[in-house]
Amino acid sequence: MDIKITKCAPDRMKLKPADESRLGFGQVFTDHMFTVSYRAGKGWHDAAIVPYGPIVLDPTAMCLHYGQEIFEGLKAYRGKDGSIYLFRPRENIKRMNSSAERLCMATIDPDLFFEGMKELVLLEQDWIPHGAGTSLYIRPTMIATEPALGVHPANQYLFFIIVGPVGAYYPEGFSPTKIYVSEEYVRAVRGGVGNCKNAGNYAASLYASQQAKDMGYTQVLWLDAIGREHVEEVGTSNAFFVRNDELFTPPLSGSILPGVTRDSVIQLARSWGVKVTEQAPSMKEIVSWIADGSLKEAFASGTAAVVSPIGQIYYQGREHLINGGRTGALTERLYTEILGIQYGERPDPFGWRVKISG
Ligand SMILES: *Cc1c(COP(=O)(O)O)cnc(C)c1O
């Protein structure tokens, strides 16, 4: 399918942020977006890159009522030599389509998705910041647009991609997080949609996150919805625990988001000879591992931060310090290696890097 490009008028182009150190996350978006529409019987049609701007929806657009909305998150990285890279983009495309299937939404041709994303990033390449750790965040999204009430799978969808420059996650070095174990609220239950990037999961997580923040914690550590005992995720990231020389992470049981970073951490660690066990420790185990000194490190993984060290856990009225509140050696090594691969500064033994320019 051809992608029709309509450029933003020069006098309507935005000013690019002058200070890359103050970019933060999710505040700035570029001048264009990719859009493609779907209608049952007709399929995907009208792929286009158009000026960034509001989307017009009927008040009955089904995404507004019944939650058929899915998204993805990945980044474009600028290498020192000016090359532009994506990191395992086909994994995000696959995951978007499995989210679509679970929510009875239209799946999209992976090549159309990839081409749309690539064309948009290349058109907006001057927006990719230059500083260490900065990148262009890519947010593919799909919403149900059929104008009708009544719970049923919609027959019309809009897929769009927006992009925006984001700052380095750790401009001043690692800062281990304090996390709060929620026993009262859960994120997702096995058999639900916790393994999809669906808007409802994030709405459902806000209350407990707010509670944790009010008490001075960075994130919630979610437990399994039934026993409220086994670890599932940390905020919107996957969870890892290093016990002695073994790396534990919860298995993809259905309530956990299958993170691309999670998979990269597992593959890298195994390639270094680290034993990786896909098993969800219980809080009882974690507390006993902290007590006997065998829990060496804990961290969360995700596209935004790569890995985020956990320094403290609050559980049942008590604070538990991990590794003296400092970043562990394996956490640091994974961070350096993955970042190095993403920016084209390290060998790429798994073929994860996709060069789209340079
Ligand atoms: C996106 C996300 C992750 C991390 O996935 P990555 O592909 O590594 O970015 C983990 N958990 C949740 C709930 C997420 O939404």
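So, how was this worked out
Residues numbered from 1 in each chain as written. Predicted model: local features only at pLDDT ≥ 70, side-chain atom pairs only at ≥ 80, totals over all residues. Heavy atoms only, no water. Helix = DSSP H or I, 4+ residues; strand = E, 2+ residues; numbered from the N terminus. Expected span 1.5 Å × (residues − 1). Bend = angle between axes of the 7 residues up to and from the residue. Buried < 20%, exposed > 50% of the residue type's maximum accessible area, 1.4 Å probe, protein only. Contact = heavy atoms within 4.5 Å. Near = heavy atom within 4 Å. Polar contact = N/O pair within 3.5 Å; in protein donor to acceptor, adjacent residues only side chain to side chain. Areas by Shrake-Rupley, 256 points an atom, 1.4 Å probe, with all protein chains shown as cover. 1 Å grid on protein atoms, 1.4 Å probe; cavity = no way out; pocket = protein on both sides within 12 Å on 5 of 7 lines; lining within 4 Å. Sits in = over half its atoms within 2 Å of the grid points. Nonpolar A, V, L, I, M, F, W, Y, C, P; charged D, E, K, R; others polar. Phe/Tyr/Trp six-rings, centres within 6.5 Å; stacked < 30°, edge-to-face > 60°. Lys NZ or Arg CZ within 6 Å of the ring centre and 35° of its normal. Pairing = 2+ DSSP bridges. Axes fitted to C-alpha atoms, helices over the stretch in contact; angles between N-to-C directions. Parallel < 35°, antiparallel > 145°, perpendicular 65-115°, else oblique. Patch = residues over 30% accessible without salt bridge, like charges linked within 9 Å, V, L, I, M, F, W, Y side chains within 5 Å. Salt bridge = Lys/Arg side-chain N within 4 Å of Asp/Glu carboxyl O. Domains from an automatic or database assignment. Buried area = accessible area lost by both parts, 1.4 Å probe.

Caption draft 1: Up close: helix 4 (residues 199-214). Spanning 16 residues, helix 4 covers 23 Å between terminal C-alpha atoms, matching the ideal 22 Å at 1.5 Å per step. Maximal helix bending in helix 4 amounts to about 35°, located at Leu206. Three or more residues of helix 4 are buried, namely Asn201, Tyr202, Ser205, Ala208, Ser209 and Ala212. Tucked inside the fold, the buried residues of helix 4 contact strand 4 (69-71), strand 9 (177-182) and strand 10 (219-223).

Caption draft 2: Seen up close, the site of the ligand. Not every one of the 14 residues close to the ligand is listed here, only the nearest: Lys197, Tyr202, Glu233, Thr261 and Thr303. Lys197 places a polar side-chain atom, nitrogen or oxygen, 2.7 Å from an oxygen atom of the ligand. In the model, an oxygen atom of the ligand is placed 2.6 Å from a nitrogen or oxygen of the Thr261 side chain. Protein contacts shield 96% of the accessible area of the ligand, which totals 380 Å² for the unbound molecule. Because more than half of its atoms lie within 2 Å of the grid, the ligand is assigned to the largest pocket. Counting residues per element, the ones that place at least two in the shell around the ligand are strand 12 (237-243) and helix 5 (260-271). Considering only residue class, the shell around the ligand consists of three nonpolar, seven polar and four charged.

Caption draft 3: Molecular detail of the environment of Tyr343. Note that Tyr343 resides in the loop between helix 7 (329-342) and strand 18 (353-357). With a relative accessible area of 9%, Tyr343 lands in the buried category. With 198 residues separating them in the primary sequence, Tyr343 and Thr145 have C-alpha atoms 37 Å apart. The residues touching Tyr343, leaving out its near neighbours within four places in the chain, are Tyr77, Arg78, Gly79, Lys80, Tyr85, Gly133, Thr134 and Ser135.

Caption draft 4: Structural detail: the packing of aromatic side chains. Enumeration according to the criterion identifies 21 aromatic pairs in this entry. Arranged with centres 5.7 Å apart and planes meeting at 80°, the rings of Phe87 and Trp352 form a pair that is edge-to-face. Of this pair, Phe87 sits in strand 6 (residues 84-87) while Trp352 sits in the loop between helix 7 and strand 18, placing them 265 residues apart in sequence. For the pair shown, Phe87 and Trp352 are each scored as buried. Taken together, the aromatic side chains of Phe34, Tyr38, Trp44, Phe113, Tyr157 and Phe159 make up a single cluster linked through ring pairs. Above the face of the Tyr217 ring, Lys178 is positioned so that its terminal group lies 5.0 Å from the ring centre. Here the basic side chain of Arg353 rests over the ring of Tyr85, its NZ or CZ set 5.4 Å away from the ring centre.

Caption draft 5: Inspection of the side chain of Ser182 at higher detail. Looking at the secondary structure, you find Ser182 in strand 9. A relative accessible area of 2% places Ser182 in the buried class. A polar contact of 3.0 Å, which involves the side chain of Ser182, links it to the backbone oxygen of Tyr185. Once you skip the residues sitting within four places of it in the chain, Ser182 turns out to touch Ala208, Val220, Leu221 and Leu223.

Caption draft 6: Region of interest: the pairing of strand 14 (residues 275-278). Pairing analysis gives four bridges linking strand 13 (residues 246-249) to strand 14, with the strands arranged parallel. Directly across from Leu247, in strand 14, lies its bridge partner Val276.

Caption draft 7: Quick look at the packing of helix 5 against helix 7. Following both chains from N to C, one finds helix 5 and helix 7 inclined at 110°, their axes separated by 11 Å at the closest point. Judged by the inter-axis angle, helix 5 sits roughly perpendicular to helix 7. Every residue of helix 7 that contacts helix 5 at Ser264, Val265, Leu268 and Ala269 is listed here: Leu334, Glu337 and Ile338. Across the contact of helix 5 with helix 7, the residue classes break down as five nonpolar, one polar and one charged.

Caption draft 8: Just a nonpolar patch on the surface, in detail. Where nonpolar side chains cluster on the molecular surface, the patch consists of Ile55, Leu57 and Leu64 and spans about 240 Å² of accessible area. Structurally, Ile55 can be placed in the loop between strand 3 (43-51) and helix 1 (63-66).

Caption draft 9: Focus on the domain arrangement of the protein. What the domain assignment reports for the protein is domain 1 (4-166) and domain 2 (177-342). Summarising the inter-unit geometry, the C-alpha centres of domain 1 and domain 2 are found 28 Å apart. Taken together, the 18 residues of domain 1 in the interface contact 20 residues of domain 2. Between domain 1 and domain 2 the total buried area reaches about 1,700 Å² when both faces are included, carbon and sulfur atoms providing 58% of it.

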